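Close look at the chain arrangement
Letter by letter, the chains look like this.
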Amino acid sequence: KSEKPWGGRFEQATAASVEAFTESISYDKRLYRYDIEGSKAHAAMLAANKLLSQDELTSIVDGLSAIEARIEEGTFSFKSELEDIHMNIEHALIGAIGPAGAKLHSARSRNDQIALDLRLYLRDQCDRLMALLDDARRAFVVLARKYMGKVMPGYTHLQRAQPVLIAHHMMAYYEMFGRDKERIADCRKRINILPLGTAAMAGTGLPIDREMVAELLHFDAVTANSMDTSGDRDFAIEFVSCCTMIQLHLSRLSEELVIWSSQEFSFVQIADKFCTGSSIMPQKKNPDIPELIRGKSGRVVGSLMSLITLMKGLPLTYNRDLQEDKEPVFDAVDTVSASLAIMAEMLGNLEFNTERMEDATKTGFITATDLADYLVLHDVPFRDAHGIVGRAVASCIEKGCELTDLSLEEMREFSPIIDKTVFAVLSVEGSVNSRKSIGGTASLRVEEAVRTAEKHMGIG
Ligand code: ARG
């Protein structure tokens, strides 16, 4: 005979191998708080609809609180024979308070219960991630302010392209993580809809009040279709996809930090306490944190792939496959939040070698576009201007000099339109400050952007 909560129709006890294979308690126990919170709201609703007496409600709520306290102090024993967090808690409740506990599962199925737990959990995670994103964004604004006015090469194809302000580069990440925050906020709206009350998948004939539960648990609305709800994990996929984007941004930043901290670049110094050494090469100081963040992006992308693949062939409605959603979701949450937190901390421990960065803007014909624009302002068609400057660059390469090393006479050989005002245009500062278009790197634009961000983030 089966001892399971669902064992009535079973002649045999479940095989131990099956219990081991089907359990999820080893990882879904992390949802205990949400499971209990959801059960308390469900019980309150059952009592309001006469499916529980007031006394029964009180003993359920107290019983659940006692279980929560035991879980938190580590004295609750989770049993894999009881499969998951729902049955572990319900079983303990019935053991503690008797028949009232056995009434808790009225008008509810584990199918809507797990959807509820996951939504409550992810709603919290959205709030946590948004706060972590803000920490990182604040760190970028602080760096932008600290290095305001200092220049560096901007790159395309990792080749020196045009000079920019270090602050402009930092503010690029501020924007990226700002979009990530918006994405999470938007995703949260679709998470924050109550699934409970759809029961197994068809709804329930018992007198329930889904809106009351939604209000108790601070959901914005209740889901509209019970069949959709019981098999829906769009919200989890969307959440992990938001996580993927965050980790992607962190990974790009990490790549830059790895490159910048190389001896070849030497643009940045990561504080000793944020680096590690080599067990064989005594001179080494390695940028392991950005490397690991970059590496961990594989895990997050993997979690997204797992979830998408998990869902693609599932018929309506609930299928046990859905139990496999938890680990990728948890791993994505853990990876992204740990990466964001350490990145924000590390950003506060960076020193840019501003001299070295400025030096790097002095070679590589980094103001060639400015010369072309100068010609355009003198009415030379841009394509012709491009050709003229290209020839000037080629001749400099041959001579082994920079555009700024050419005399006015030499320049005029390429175009007689050029006069002595060209030298201001060719300077790095002139180049940066000429880029006043909205979103450009001119000091006044960047100052404006940093000031707006400081105000937004409550800095200074
Ligand atoms: N542990 C299950 C999950 O994560 C809970 C729902 C189980 N429902 C069921 N009918 N077996 O999906």
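Residues numbered from 1 in each chain as written. Predicted model: local features only at pLDDT ≥ 70, side-chain atom pairs only at ≥ 80, totals over all residues.

Take the overall build of the protein chain next. Assigned secondary structure in the protein chain consists of 20 helices and six strands. Against the 2.2 N^0.38 benchmark of 23 Å for 460 residues, the protein chain shows a C-alpha radius of gyration of 30 Å, more extended than a compact globule. If one aligns the C-alpha atoms of the protein chain with their principal axes, the spans along those axes are about 100 × 55 × 45 Å. Taken over 460 residues, the protein chain has a buried fraction of 39%. (Helix = DSSP H or I, 4+ residues; strand = E, 2+ residues; numbered from the N terminus. Rg over C-alpha atoms; globule rule 2.2 N^0.38 Å. Buried ≥ 20, exposed ≤ 12 C-beta atoms within 10 Å, placed from the backbone.)

The sites that UniProt annotates as "domain: Argininosuccinate lyase C-terminal" (unreviewed entry) are residues 365-433. When the span residues 365-433 is considered, its composition is 64% helix and 0% strand, and the gap between its end C-alpha atoms is 17 Å. (UniProt positions renumbered as here; feature names shortened; annotations may be inferred.)

What follows covers the site of the ligand. Residues in contact with the ligand, as listed here, are Ser24, Asp28, Asp84, Arg110, Asn111, Ile114, Tyr318, Arg320, Leu322 and Gln323. The biggest single contributor to the shell around the ligand is helix α7 (residues 110-146), with three residues. By residue class, the composition of the shell around the ligand is three nonpolar, three polar and four charged. Split by domain, the shell around the ligand shows at least three residues from each of two domains, domain 1 (16-106) and domain 2 (111-206 + 218-354). (Near = placed C-beta within 6 Å. Nonpolar A, V, L, I, M, F, W, Y, C, P; charged D, E, K, R; others polar. Domains from an automatic or database assignment.)

In this structure, Thr317 follows Leu316 across a cis peptide bond, with omega equal to 0 degrees. Even without being glycine, Ala107 reaches a positive phi, approximately 65 degrees. Locating Ala107 in the fold gives a position in the loop between α6 (99-102) and α7. Accessibility expressed as a C-beta count within 10 Å gives 21 for Ala107, which makes it buried. At Asp379, a residue that is not glycine, the phi angle is positive and equals roughly 75 degrees. Relative to the elements of secondary structure, Asp379 occurs in the loop between α15 (368-377) and α16 (382-399).

As paired strands, strand β1 (residues 151-156) and strand β2 (residues 159-165) are joined by six bridges and run antiparallel to one another. Paired with Tyr155 across the bridge in β2 is Arg160. (Pairing = 2+ DSSP bridges.)

If you check which residues of α15 are buried, you get Ala368, Asp370, Leu371, Ala372, Tyr374 and Leu375. Against the buried residues of α15 lie α16, α18 (422-426) and α19 (428-434). After α15 finishes, the residue Asp379 shows a positive phi value of roughly 75 degrees. (Contact = placed C-beta atoms within 7 Å.)

Right, let's get into the UniProt feature "domain: Fumarate lyase N-terminal" (unreviewed entry) in the protein chain. The UniProt record marks residues 8-302 with the feature "domain: Fumarate lyase N-terminal" (unreviewed entry), using the residue numbering of this structure. Helix makes up 62% of residues 8-302 and strand 7%, with an end-to-end C-alpha separation of 40 Å.

Taking 1.5 Å per residue as the helical rise, helix α13 (residues 326-347) with its 22 residues ought to reach 32 Å, and the 32 Å between its terminal C-alpha atoms agrees with that figure. When we look at burial in α13, the residues that qualify are Lys326, Pro328, Val329, Ala332, Val333, Thr335, Val336, Ser339, Leu340, Met343, Met346 and Leu347. For α13, the secondary structure elements touched by its buried residues are α2 (25-28), α7, α11 (234-260), β5 (268-270), α12 (288-311) and β6 (350-352). (Expected span 1.5 Å × (residues − 1).)

Moving on to the domain arrangement of the protein chain. For the protein chain, the assigned domains read domain 1 (16-106), domain 2 (111-206 + 218-354) and domain 3 (368-457). Relative placement of domain 2 and domain 3: their C-alpha centres are 38 Å apart. Contacts between the two partners involve 17 residues from domain 2, matched on the other side by 13 residues from domain 3. When contributions to the side of domain 2 that touches domain 3 are tallied by element, the ones reaching two or more residues are α7, β2 and α8 (166-191).

What follows deals with the packing of helix α3 (residues 32-48) against helix α5 (residues 85-97). In a packed pair of helices, the relevant descriptors are the angle between the two axes and the axis-to-axis distance. Between α3 and α5, whose axes approach to 10 Å, the crossing angle comes to 60 degrees. With respect to their mutual orientation, α3 and α5 come out oblique. As α3 runs across α5, the sense of the crossing is right-handed. For the pair formed by α3 and α5, the contact residues are Tyr32, Asp35 and Ile36 on the first element and Ile85, His86 and Ile89 on the second. The class makeup of the residues in the contact of α3 with α5 is four nonpolar, one polar and one charged. (Axes fitted to C-alpha atoms, helices over the stretch in contact; angles between N-to-C directions. Parallel < 35°, antiparallel > 145°, perpendicular 65-115°, else oblique. Left-handed = near helix turned anticlockwise from the far one by under 90°.)

A separate point is the packing of α3 against α7. Two elements in contact, α3 and α7, have axes whose closest approach is 9 Å; the angle formed by their N-to-C orientations is 115 degrees. In this structure, the crossing between α3 and α7 has a hand that is right-handed. In this structure, α3 contributes Tyr34, Asp35, Glu37 and Gly38 to the contact, and α7 contributes Gln113, Leu116, Asp117, Leu120 and Tyr121. Looking at the contact of α3 with α7 residue by residue, the class counts come to four nonpolar, two polar and three charged.

Attention now moves to the environment of Thr354. The residue Thr354 is located in helix α14 (residues 354-359) in this model. Residues Thr354 and Ser266, 88 residues apart in the sequence, show an inter-C-alpha distance of 9.9 Å. When sequence neighbours within four positions are dropped, the list of residues in contact with Thr354 reads Tyr147 and Lys150.

A separate point is the confidence of the model for the protein chain. Predicted confidence across the protein chain gives a mean pLDDT of 96, with 100% of residues reaching 70 or more. Interface predicted TM-score (ipTM) for the complex: 0.96; the corresponding pTM is 0.95. (pLDDT = per-residue confidence, 0-100.)

Moving on to the environment of Pro207. Checked against the element boundaries, Pro207 lands in the loop between β3 (193-194) and α9 (210-216). Its 12 C-beta neighbours within 10 Å are what place Pro207 among the exposed residues. Counting along the chain gives 112 residues from Pro207 to Asn319, while the straight-line C-alpha distance between them is 26 Å.

Here we take up the environment of Gly295. Here Gly295 lies in helix α12. Among the residues examined, Gly295 registers 12 C-beta atoms within 10 Å and is labelled exposed. Put simply, Gly295 and Ser254 are 41 residues apart on the chain and 9.6 Å apart in space, counted from C-alpha to C-alpha.

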